[in-house]
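Each chain is listed here by its residues.
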Amino acid sequence: MITEYELYTDERYHLNRYLMLGGIICTNKRRELLLENLRQIREKFGLTAELRWGKVSNRFLGAYKAWVDVFLKDPFARFTLLVINMSDPAWKEFRLQPDRKPSRDDKLASVFYQFLLGSFGKLCNTKRWWVYPDEGFFSRDGVFNRVEFLFNRTYKKAFGSKTSRVIRLMQPVDSKKVELIQLTDVLLGVFSYEVVNDTPLSRARYELLNHCIRAIRQNPKTQRGMAKVKVTCWVPPDLFCYP
């Protein structure tokens, strides 16, 4: 039996040193419940604008706590985070081809590929994925097509040429129109500070961070025993160990 999963991703640059890729993972059926809960939060607090980490304020702190609680209290949804230390010599010296300096998109495509490998977990022919990145990660959204092709080819090599596409669709979306990308953005802001042991200057963001961390410590795993938040660090492709 094949299970359909969805991954909603966003990126964040932190302290001009780290690049963070984060995403919410849920099944297609779970997505409907998450969206309904987010709709209720908007209605309860009268929210009409886009919600983002950078917009967290004392005035709307209660609303943002309720917003992230949709994820934190869900027994199945998960968050995946890849951390790239751009000051690391391994990143600065990273080359896809030894004799050619890679473009920004080349390096980011390799990073996104590794992000997907870590997010999807162990090679499995009973899962299919729908991936929705926030627009603007690459200079051209067509680069996603390259990543999608390479990823599907990896699975066809593992399970045979007749295997159906593991990534059903990879489609960049406008965060202003996609609630789960907005939820990803806020959670990514929280966990970005936590993984590098940094403290937000904003009192409201600091309180929201602590709210999330307490919830994760109280319930670190999903109902299926998987980590609620999975954090990995980027390594050069030849050092990557598949989960």
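Calculation notes
- Residue positions are given per chain, counting from 1 as you read along its sequence in written order.
- Selection of residues for local features in this predicted model requires a pLDDT of at least 70, selection of side-chain atom pairs for listing and counting requires 80 or more, and totals for whole chains, interfaces and linings are taken over all residues.
- In computing side-chain properties, one takes all heavy atoms of the structure into account and sets aside hydrogens as well as water.
- Secondary structure elements are taken from DSSP: a helix is a run of H or I of four residues or more, a strand is a run of E of two residues or more, and numbering for both begins at the N terminus.
- The globule rule is 2.2 Å times the number of residues to the power 0.38, and the radius of gyration it is compared with is taken over C-alpha atoms.
- Only protein chains enter the accessibility calculation, which uses a 1.4 Å probe; a residue is then buried when its area is under 20% of its type maximum, exposed when over 50%, and partly exposed in between.
- Only heavy atoms enter the contact rule, under which two residues are in contact if any of them lie within 4.5 Å.
- What sets the accessible areas is the Shrake-Rupley method with a 1.4 Å probe; for residues, cover comes only from the shown protein chains.
- All tallies of charge rest on Lys and Arg as positive and Asp and Glu as negative; His and the ends of each chain are not included.
- Positions of charges follow a simple convention, taking NZ of Lys, CZ of Arg, CG of Asp or CD of Glu.
- Axis lines are fitted to C-alpha atoms, over the contacting stretch for helices. Their N-to-C directions set the angle, which ranges from 0 to 180 degrees.
- Angles are sorted into four bins: roughly parallel if under 35 degrees, roughly antiparallel if over 145, roughly perpendicular if 65 to 115, and oblique for all others.
- Here is the rule: rings of Phe, Tyr and Trp (six-membered ring for Trp) pair when centre to centre is within 6.5 Å. Planes less than 30 degrees apart are stacked, more than 60 are edge-to-face, and the remainder are tilted.
- Here, a charge over a ring is recorded when the distance from Lys NZ or Arg CZ to the ring centre is within 6 Å and its angle to the ring normal is within 35 degrees.
- The nonpolar core is taken to be a set of buried Ala, Val, Leu, Ile, Met, Phe, Trp, Tyr and Cys residues, with the residues joined through side-chain atoms within 4.5 Å.

J.: Even after reading the chapter, I still don't get the overall build of the chain, so can you show me in this structure?
T.: Per the secondary structure count, the chain includes seven helices and six strands. Starting at the N terminus, the α and β elements of the chain follow one another as β-β-α-α-β-α-α-β-α-β-α-α-β. A compact globule built from 243 residues should have a C-alpha radius of gyration of about 18 Å, and the chain, at 18 Å, falls within 12% of that. Across its three principal axes, the chain shows a C-alpha extent of roughly 55 × 45 × 30 Å. Buried positions account for 49% of the 243 residues belonging to the chain. A separation threshold of at least 6 residues defines the contact pool for the chain, and within that pool the share at least 24 residues apart is 74%. Just so you have it, the chain exposes about 12,500 Å², and 51% of that area is on carbon and sulfur atoms. Charge separation in the chain, taken as the distance between the mean sites of 41 positive and 26 negative side-chain charges, equals 4 Å.

J.: Is there a simple way to explain the packing of helix 1 (residues 28–45) against helix 6 (residues 179–195) in this structure?
T.: Angle between the axes and distance between the axes: these two values describe a pair of packed helices. One way to put it is that helix 1 packs onto helix 6 with a least axis distance of 10 Å and a crossing angle of 75 degrees. Taken as axis vectors, helix 1 and helix 6 run roughly perpendicular relative to one another. Residue-level contacts link Arg-31, Leu-34, Leu-35, Leu-38 and Arg-42 of helix 1 to Glu-179, Leu-180, Gln-182 and Leu-183 of helix 6.

J.: Which parts of the structure should I look at to understand the packing of aromatic side chains?
T.: To describe a pair of aromatic rings, one takes the distance between the centres and the angle between the planes. In the structure shown here, the tally under the stated rule is 17 aromatic pairs. With a centroid separation of 6.3 Å and an interplanar angle of 75 degrees, the aromatic rings of Phe-71 and Phe-79 are classed as edge-to-face. Across the pair, exposure class does not vary: Phe-71 and Phe-79 are buried alike. Geometrically, the ring pair formed by Trp-91 and Trp-234 is edge-to-face, given 5.1 Å between the ring centres and 90 degrees between the ring planes. Placement of Trp-91 in helix 3 (residues 89–92) and of Trp-234 in the segment after strand 6 (229–233) is noted, with a sequence separation of 143 residues between them. As far as the burial class goes, Trp-91 and Trp-234 line up, both buried. Through a chain of ring-to-ring contacts, three or more aromatic side chains come together here, namely Tyr-5, Tyr-113, Phe-120, Trp-129 and Phe-151. Across from the ring centre of Trp-91, 4.2 Å away, lies the NZ or CZ of Lys-107, which sits over that ring.

J.: Sorry, what's going on with the nonpolar core here?
T.: For soluble globular proteins, nonpolar side chains are generally found buried alongside one another. Counting 45 residues, the largest nonpolar core has Phe-79, Leu-183, Leu-187, Phe-191 and Leu-208 as its most contacted members. Taken together, the elements giving at least two residues each to this core come down to strand 2 (18–27), helix 1, helix 2 (61–72), strand 3 (78–85), helix 6 and helix 7 (203–218). Ignoring anything within four residues of it in the chain, the contact list for Phe-191 reads Phe-79, Leu-81, Ile-213, Ile-216 and Val-229. Leu-7, Ile-84, Leu-117 and Phe-151 belong to the second-largest nonpolar core, a separate cluster that totals 30 residues.

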